[in-house]
Amino acid sequence: MNKNDLIIRVAGEGGEGIISTGDFITQACARAGLEVYTFKTFPAEIKGGYAMYQTRASAAPLFNQGDTFDILCAFNGEAYDLNRSRLRPGTAFVYDGPGGDFEPDVPEGVHAYAIPMTKTAKEMGSIKAKNMVALGALSQLFDIPEQPLREIIAAKFTKKGTTVLESNLNAFTRGRELAAALPKTDSWRMTAPAEKRDVVVLSGNDAIGLGALIAGLDFFAAYPITPATEIARYVARHLPKRGGTLIQAEDEIASLAQVLGASFAGKKAMTATSGPGLALMGEMLGMSFMSETPCVVVDVQRGGPSTGLPTKHEQSDLFMAIHGSHGDCGRIVLSVEGVSDCIALTVEAFNLAEKYQCPVLLLSDGSLAFSTQTVPYPEPADYPIVARKAWDGKGEYQRYVITDDYISPMAAPGTPGGMHIATGLEHDEIGQPNYTGANHEAMQAKRFRKLDGVVKDFAPVEVDGEGDAELGIIAWGSTIGVVREGIARLRAEGVSVKGFYPKLLWPMPVEQFEAFGATCGKVVVAEVNYLGQLAHFIRAETNLRPESYTICGGLPFTPAMIVSKVKEMLR
Amino acid sequence: MNCAQTHLHKVELETKDYKTDAKPFWCPGCGDHGVLTGMYRALAEIGVDPNYLVNISGIGCSSRLPYFVRSYKMHTLHGRAGPVATGVQLARPDLAILVNGGDGDGFSIGGGHMPHLARKNINMTYVLMDNRVYGLTKGQVSPTSQRQMKAYTTPYGGVEEPLDPVLYMLTYGASFVAQTLATNVKMTAQLIKEGMEHRGFSFISVLSQCPTFNTIDDAKSFKGSSEELQDNHDVSDIDAAMHAVNMAHKNGKIPVGLLYRQERPTLDERMADLVKQAGGHPGYDLRKIIDLSRP
């Protein structure tokens, strides 16, 4: 059987080359023209612990990591133990043996291939080559394109010298030979695509960095935190090429403070963090809103509360993103579905921040952070860029003047006559402290009413399906991609179901939520958190009373979970 | 000073030209009036163009100062003036950055930021207005309060030892450290002027009496215990600076004058070098970066 959608999972001990093996497979598939969507889990510790890298490859577009794997490659006994329950009839299973640290009790119907990875690598002189033996075997067994793989291995190891390169290529070849000697009993094969498209392969975190560069990022400040740090790595590598500035701050309070300083100075500025960092930024978000200083804050969510599950997936910062700060504090909150959004919505986050002069939070999540995906080549000129409203230099400058659209023109330092104060104290139109009730009411109204335009800027929200449906699913973040596939499968079975995929979470597009709800018999909100945070806001802000479908086990939903939940609800 | 002072755009102005219409809100007899006067004088003597001056503060009595100075300015959060100023400075190295704030703002809630301003050598002038008490919240002990001070939350007297801001900043690598008294406007003006002309992080501690909440550190006692540095004090010698402060401590004295000055690259200069190495410029073709992610 040929399947136009294959999932390969490589699992073993962290440090054994699991991640690089997965990367090689992913890059080779993408180079051969296949779409890829990867999924990784790794321990919070640096050395040891279970690591897993899963590559889903297909000639058709992919929206999520899939239900489970078709092919498992286990480097050790732990990887086998942890995945054994998923070894169902028809699954292919490649493992380290003989000579590995375990003897599998292969379930019936599973196609097992014993490759002596450890033994062969040792014989060839270096245990480090274990993953290359495995990669060669996988390439032979499942038609992972050999030529692209050789090119990518060469590109990676050439700079380490010919000896290293040769030994890796030899191990790869040996792996292929070992696999070729085994009888092939399963029928999994990569299917080559009909045509190649112009794509790039990026992780969610790298794509956010790229989006920021496209938006015209000048200044980036951040403090290291899992799972957001790769954004800083990407920016650190490429921002200097554009003449921009990156600083690693002493903490997250300082990073947002630096961002506000740079923004006041007239530059486009952002920071990236995870939940614990966002919690520290709460007071400074209020300063951004009160002083109407634009800023972009990326929160790559992880399992919480407190230190929580630092390397695991969760969508549980929505409450904090929308309301985290003292006083009545407005902001705009966006969330991204996949890598393509990570580029486009980061640009959008800057545009909104510059236009509305307020904090814009962009929510990503732990699995998307490290998921590499193929996306169409992002042509920089295709992304519209918005500049902040600038003072025209006429008359007396009033920084906080109340205008028709409630947005006041800005003047960067160095503008003659534009001197003003950016202040967190309540102030009047020129920025002088003013604590009268009438002034506070007028200025709060100004700061909130300027955001009235945001929903319009962002309409329409994507609706998946037409007309009436028995059931509607609302999802946000990377859960959207899972719901898309779940809905497609349900439709194929004749189930009447629709999807609603908001990317702007605050201010809420209330009318569109309600219009969607009006076409659905029942509504369910699927999200990866305990409390049902989006469902909570929907109940509070709209006339909908959705059911909440939540999980918080550190992993994303799968399409199969969505399918069975819908069936259960419609039973 | 042999460095090009690109962070100081100059114009010819008088002291009064730096005043705003807002009237200082401090109590009569507060040392902060003297600091402000000294600051006006320093700005006029240098001739800083107010359009290229950014005056930044946190929260506290002294942090209201920017409202009284004609410039671009930011009145930020408690303890956060330093990092906000860092952002302004790195984003726009052509601006003159003047930060001021109190002892609680800079050395309690904001204490974690001070080492990084110093070691990174951010090109700004930080004027500490140290009254050794929390004024705006009506008189609690601060990290620089003398231990025996009876105050709002220490009715039986305090139990904690104070820290010394100048020793703190010398330790963390500030490239310009000085101390003066608010009652000595002439020296305050002179040190702020030198600090602003210094390329790098300049820290000027001004002991600024609080006549309302701190009765043990009044103008008279500050003056009585102050001791000018010796004529032969070597400002380029960090050991001499540390020694001067430690000796003064032993004798119950407050050393005043320029303690230390060091010429070394600022963070924005190092970053500019980095951009140069990367061949960076705003027109760099983004497609070259995107192409790196082709499979």
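Reading the values: the criteria
Residues numbered from 1 in each chain as written. Chains lettered and ligands numbered in written order. Predicted model: local features only at pLDDT ≥ 70, side-chain atom pairs only at ≥ 80, totals over all residues. Helix = DSSP H or I, 4+ residues; strand = E, 2+ residues; numbered from the N terminus. Rg over C-alpha atoms; globule rule 2.2 N^0.38 Å. Buried ≥ 20, exposed ≤ 12 C-beta atoms within 10 Å, placed from the backbone. Contact = placed C-beta atoms within 7 Å. Domains from an automatic or database assignment. Nonpolar A, V, L, I, M, F, W, Y, C, P; charged D, E, K, R; others polar. Axes fitted to C-alpha atoms, helices over the stretch in contact; angles between N-to-C directions. Parallel < 35°, antiparallel > 145°, perpendicular 65-115°, else oblique. Left-handed = near helix turned anticlockwise from the far one by under 90°. Pairing = 2+ DSSP bridges. Right-handed = clockwise from strand over helix to strand, strands pointing away. Core = buried A, V, L, I, M, F, W, Y, C linked by C-beta atoms within 7 Å. Expected span 1.5 Å × (residues − 1). pLDDT = per-residue confidence, 0-100.

(A) Structural detail: the overall build of chain B. Across its full length, chain B holds ten helices and eight strands. Rg of the C-alpha trace for chain B: 20 Å, near the compact-globule value of 19 Å for 295 residues, within the 12% margin. Referenced to the eigenvectors of the C-alpha coordinate spread, the extents of chain B come out at roughly 70 × 45 × 45 Å. Every one of the 295 residues in chain B was classed for burial, and the buried ones make up 54%.

(B) Structural view of the overall build of chain A. Within chain A, the regular secondary structure consists of 20 helices and 21 strands. A compact globule built from 571 residues would reach a C-alpha radius of gyration of about 25 Å, and chain A, at 26 Å, matches this within 12%. Along the first, second and third principal axes, the C-alpha set of chain A runs to 85 × 60 × 45 Å. A burial count over chain A gives 56% of its 571 residues as buried. Put simply, 74% of the contacts in chain A that link residues at least 6 apart link residues at least 24 apart.

(C) The domain arrangement of chain A, seen in detail. Residues and elements named next belong to chain A. By the assigned domains, chain A splits into domain 1 (5-180), domain 2 (201-382) and domain 3 (459-570). Counting residues per element, the side of domain 2 that touches domain 3 draws most heavily on strand 12 (residues 332-335), at four residues. Classifying every residue of the side of domain 2 that touches domain 3 by side-chain character gives eleven nonpolar, seven polar and six charged.

(D) How the structure looks around the packing of helix 9 (residues 252-264) of chain A against helix 2 (residues 81-91) of chain B. Relative orientation of the contacting elements helix 9 of chain A and helix 2 of chain B amounts to 45°, with a least axis distance of 6 Å. Overall, the two elements helix 9 of chain A and helix 2 of chain B adopt an arrangement that is oblique. The two elements helix 9 of chain A and helix 2 of chain B meet at a crossing, and its hand is right-handed. Residues A:Ala254, A:Ala257, A:Gln258, A:Val259, A:Leu260, A:Gly261, A:Ala262 and A:Phe264 of helix 9 of chain A touch helix 2 of chain B, and the partners they reach there are B:Pro83, B:Val84, B:Ala85, B:Thr86, B:Gly87, B:Val88, B:Leu90 and B:Ala91. The residue inventory of the contact of helix 9 of chain A with helix 2 of chain B, partitioned by class, reads twelve nonpolar, four polar and no charged.

(E) Spatial organisation of the sheet that holds strand 20 (residues 520-527) of chain A. Residue and element names in this part refer to chain A. Pairing in this open sheet of five strands is mixed, and the strands run 16-18-17-20-21 from one edge to the other. Of all strands in the sheet, those with a lone pairing partner are strand 16 (462-464) and strand 21 (547-550), marking the two edges. Along the sheet, successive strands turn relative to each other by an average axial angle of 25°, direction set aside. For strand 17 (residues 469-475) and strand 18 (residues 497-501), the ladder comprises four bridges, and the chain directions are parallel.

(F) Just the environment of B:Lys23, in detail. Here B:Lys23 is to be found in the segment before helix 1 (32-46). Between the alpha carbons of B:Lys23 and B:Phe68 there is a distance of 6.8 Å; along the sequence they are 45 residues apart.

(G) The arrangement of the interface of chain A and chain B in detail. The interface of chain A with chain B comprises 51 residues on the first partner and 45 residues on the second. Mapped onto the side of chain A that touches chain B, the elements with two or more residues apiece are helix 1 (18-31), strand 7 (199-203), helix 7 (204-215), strand 8 (219-222), strand 9 (245-248), helix 9, helix 11 (282-291) and strand 15 (421-423) of chain A. For the side of chain A that touches chain B, the leading source of residues is helix 9 of chain A, giving nine residues. Here the side of chain A that touches chain B is composed, by residue class, of 31 nonpolar, twelve polar and eight charged.

(H) Region of interest: the pairing of strand 17 of chain A. All names here are of chain A. The buried count for strand 17 comes to six of seven residues, which makes it a mostly enclosed element. Sheet topology note: the strand 17/strand 20 ladder contains six bridges and is parallel. Bridging across to strand 20, Ile 473 finds its partner in Val 524. Considered for its hand, the β-α-β crossover made up of strand 17, helix 17 (residues 479-492) and strand 18 is right-handed.

(I) Summary view of helix 19 (residues 533-541) of chain A. Listed as buried for helix 19 of chain A are A:Gln533, A:Leu534, A:Ala535 and A:Ile538. The inward-facing, buried residues of helix 19 of chain A abut helix 12 (318-323), strand 17, helix 18 (510-518), strand 20 and strand 21 of chain A.

(J) Unusual backbone geometry, seen in detail. Residues and elements named next belong to chain A. Pro 460 follows Ala 459 through a cis peptide bond whose omega is -5°. Positionally, Pro 460 belongs in the loop between helix 16 (452-458) and strand 16. Of note, the amide linkage connecting Trp 506 to Pro 507 takes the cis form, showing an omega dihedral of -5°. Structurally, the position occupied by Pro 507 is in the loop between strand 19 (504-506) and helix 18. One non-glycine residue with positive phi stands out, namely Asp 143, at about 60°. One can find Asp 143 in the loop between helix 4 (130-142) and helix 5 (146-157). Note on Asp 143: 16 C-beta atoms within 10 Å, which makes it partly exposed. Non-glycine residue Glu 292 carries a positive phi angle of around 55°. Here Glu 292 lies in the loop between helix 11 and strand 11 (295-301). Taking the number of C-beta atoms within 10 Å as the measure of exposure, Glu 292 has 20 and is therefore buried.

(K) Structural view of the nonpolar core. Counting residues in hydrophobic clusters, the biggest one holds 248 residues, and the most contacted among them are A:Val94, A:Leu138, B:Val88, B:Val177 and B:Leu259. With ten residues, the single largest contributor to this core is helix 13 (residues 339-356) of chain A. Sequence-distant contacts of B:Leu259, that is, excluding residues within four places in its chain, are made with B:Val166, B:Leu170, B:Val177, B:Ala178, B:Gln179, B:Leu229, B:Ala241, B:Ala244 and B:Val245. Within the second largest apolar cluster, ten residues are counted, among which are B:Cys30, B:Cys61, B:Ala151 and B:Phe213.

(L) Structural context of helix 1 of chain B. Residue and element names in this part refer to chain B. For helix 1, which comprises 15 residues, the first-to-last C-alpha distance of 21 Å matches the rise-based estimate of 21 Å (1.5 Å per residue) to within 8%. Looking at the packing, one finds that the buried side of helix 1 touches strand 4 (124-130), helix 6 (185-197) and strand 6 (201-207). Among the residues trailing helix 1, Gly 47 stands out with phi positive, at a value near 80°.

(M) Region of interest: the pairing of strand 12 of chain A. Residue and element names in this part refer to chain A. Burial of strand 12 is two-sided: the residues Ile 332 and Leu 334 facing one way and the residues Val 333 and Ser 335 facing the other way are all buried. Both strand 12 and strand 13 (residues 359-365) contribute to a ladder of four bridges, which runs parallel. By the bridge assignment, Leu 334 is partnered in strand 13 with Leu 362. The sheet contact formed by strand 12 and strand 19 spans two bridges and is antiparallel.

(N) The sheet that holds strand 8 of chain A, seen in detail. Residues and elements named next belong to chain A. As summarised here, the arrangement of the seven strands in space is 9-8-10-11-13-12-19, forming an open sheet in which the pairing is mixed. In this open sheet, the two strands that pair with only one neighbour each are strand 9 and strand 19. Taking the axes of each pair of neighbouring strands and ignoring which way they run, one obtains an average angle of 20° across the sheet. Against the sheet, helix 13 makes contact with strand 11, strand 12 and strand 13, and its axis sits at roughly 165° relative to strand 13, the strand it touches most.

(O) Quick peek at the confidence of the model for chain B. Residues and elements named next belong to chain B. Here chain B shows a mean pLDDT of 96. Residues at 70 or above account for 98%. pLDDT under 50 marks residues 1-5. Its contacts with residues more than four places away, or in other chains, come to three contacts. The complex model carries a pTM of 0.97, and its ipTM stands at 0.97.

(P) Geometry of the environment of A:Trp476. Residues and elements named next belong to chain A. Structurally, Trp 476 is set in the loop between strand 17 and helix 17. Separated by 81 residues in the primary sequence, Trp 476 and Gly 395 place their C-alpha atoms 46 Å from one another. With sequence-adjacent residues up to four places away left out, Trp 476 is seen in contact with Gln 315, Ser 335, Pro 502, Leu 505, Glu 527 and Leu 534.

(Q) Representation of the environment of B:Pro282 within the structure. Take B:Pro282: it is sitting in the loop between helix 9 (267-277) and helix 10 (286-291). Judged by the 10 C-beta atoms lying within 10 Å of it, B:Pro282 falls in the exposed class. The contact partners of B:Pro282, leaving out residues within four places of it in the chain, are A:Arg242 and A:Gly243.

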